[in-house]
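Residues per chain, in single letters:
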Amino acid sequence: RVRGISTLNAADALRLINDQEATIVDIRDLGDYKEGHIPQARHIPFGALSERLGELAKAKDGPIIVYCRSGTTSQSACALLKKKGFTHVHSLNGGLPAWQEARLPVSRKKS
């Protein structure tokens, strides 16, 4: 927990997705997103997150899982979301590589 941000490992993230229909946000750049992302992840690059918060308005009261390449930038994204009133925000510890190491599915489709 850095700056009060909750971090989840891949298994806990998957549980939150399956049990509470968590919204998944990929904040990496478009090239990385196209190479592979968590299925159903919304692509909102970190640099555009502030302007595109409206896209997450429906998910404001539910759990949101944010991930990046390593888990570092997603911490900053979570802090920004918390500041904007999102309450159930979690960072995927280790980013997409941790998800892949857990042998969880990766999609190349645009969602």
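Look up a bit, the structure's there.
A quick note: this is a predicted structure, and the numbers were derived from the prediction, not measured. (Residues numbered from 1 in each chain as written. Predicted model: local features only at pLDDT ≥ 70, side-chain atom pairs only at ≥ 80, totals over all residues. Heavy atoms only, no water.)

**Considering the sheet that holds strand 5 (residues 89–92)**
Read from one edge to the other, the open sheet built from 5 strands follows the order 1-5-4-2-3, with strand pairing classed as parallel. Strands with a single pairing partner mark the edges of an open sheet, and in this sheet they are strand 1 (6–8) and strand 3 (42–43). Looking at chain direction, strand 4 (residues 64–67) and strand 5 are connected through 3 bridges and run parallel. Counted as the bridge partner of I64 is V89 from strand 5. In the packing of helix 1 (residues 10–20) onto the sheet, contacts are made with strand 1, strand 2 (23–26), strand 4 and strand 5, and the angle to strand 1 comes to roughly 100°. Against the sheet, helix 3 (residues 72–83) touches strand 1, strand 4 and strand 5, its axis set at about 175° to strand 5. (Pairing = 2+ DSSP bridges. Helix = DSSP H or I, 4+ residues; strand = E, 2+ residues; numbered from the N terminus. Contact = heavy atoms within 4.5 Å. Axes fitted to C-alpha atoms, helices over the stretch in contact; angles between N-to-C directions.)

**Notes on the nonpolar core**
Residues V25, L49, L56, I64, V66, L81 and F86 are the most contacted members of the largest nonpolar core, which totals 17 residues. Mapped onto this core, the elements with two or more residues apiece are strand 4 and helix 3. The element best represented in this core is helix 3, accounting for 4 residues. Filtering out sequence-adjacent residues up to four positions away, F86 remains in contact with L53, L56, K60, I64 and L81. In this structure, A13, L16, I17 and W99 belong to the second largest nonpolar core, which totals 15 residues. (Core = buried A, V, L, I, M, F, W, Y, C linked by side-chain atoms within 4.5 Å. Buried < 20%, exposed > 50% of the residue type's maximum accessible area, 1.4 Å probe, protein only.)

**Here's the deal with unusual backbone geometry**
For E21, which is not a glycine, the phi torsion comes out positive at approximately 50°. Note on placement: E21 falls in the loop between helix 1 and strand 2. Residue classification places E21 among the exposed residues on the basis of a relative accessible area of 67%. In this structure, R103 takes a positive phi of about 60° despite not being glycine. Topologically, R103 is positioned in the segment after helix 4 (95–101).

**Digging into the state of the cysteines**
Evaluated as defined, the whole model comprises 0 disulfides. A disulfide-free cysteine, C68 has its sulfur positioned 9.1 Å from the sulfur of C78, the nearest such atom. C78 sits in the buried class, given a relative accessible area of 0%. (Disulfide = S-S within 2.5 Å.)

**Remarks on the packing of aromatic side chains**
Under the counting rule described, the total for this entry stands at 0 aromatic pairs. Between K60 and the ring centre of F86, over which it is positioned, the NZ or CZ distance is 5.2 Å. (Phe/Tyr/Trp six-rings, centres within 6.5 Å; stacked < 30°, edge-to-face > 60°. Lys NZ or Arg CZ within 6 Å of the ring centre and 35° of its normal.)

**A word on the pattern of salt bridges**
The final tally for this structure, using the stated rule, is 4 salt bridges. Between D26 and R28 there is a salt bridge, with its nearest N and O atoms 2.7 Å apart. Using a relative accessible area of 0% as the deciding quantity, one classes D26 as buried. For R28, a relative accessible area of 8% gives the class buried. In this structure, D32 engages R69 in a salt bridge whose closest nitrogen and oxygen atoms are separated by 2.5 Å. Taken together, the residues D32 in helix 2 (residues 30–35) and R69 in the loop between strand 4 and helix 3 connect sequence positions 37 residues apart. We classify D32 as buried; its relative accessible area is 14%. Exposure remark for R69: the relative accessible area of 53% places this residue in the exposed category. (Salt bridge = Lys/Arg side-chain N within 4 Å of Asp/Glu carboxyl O.)

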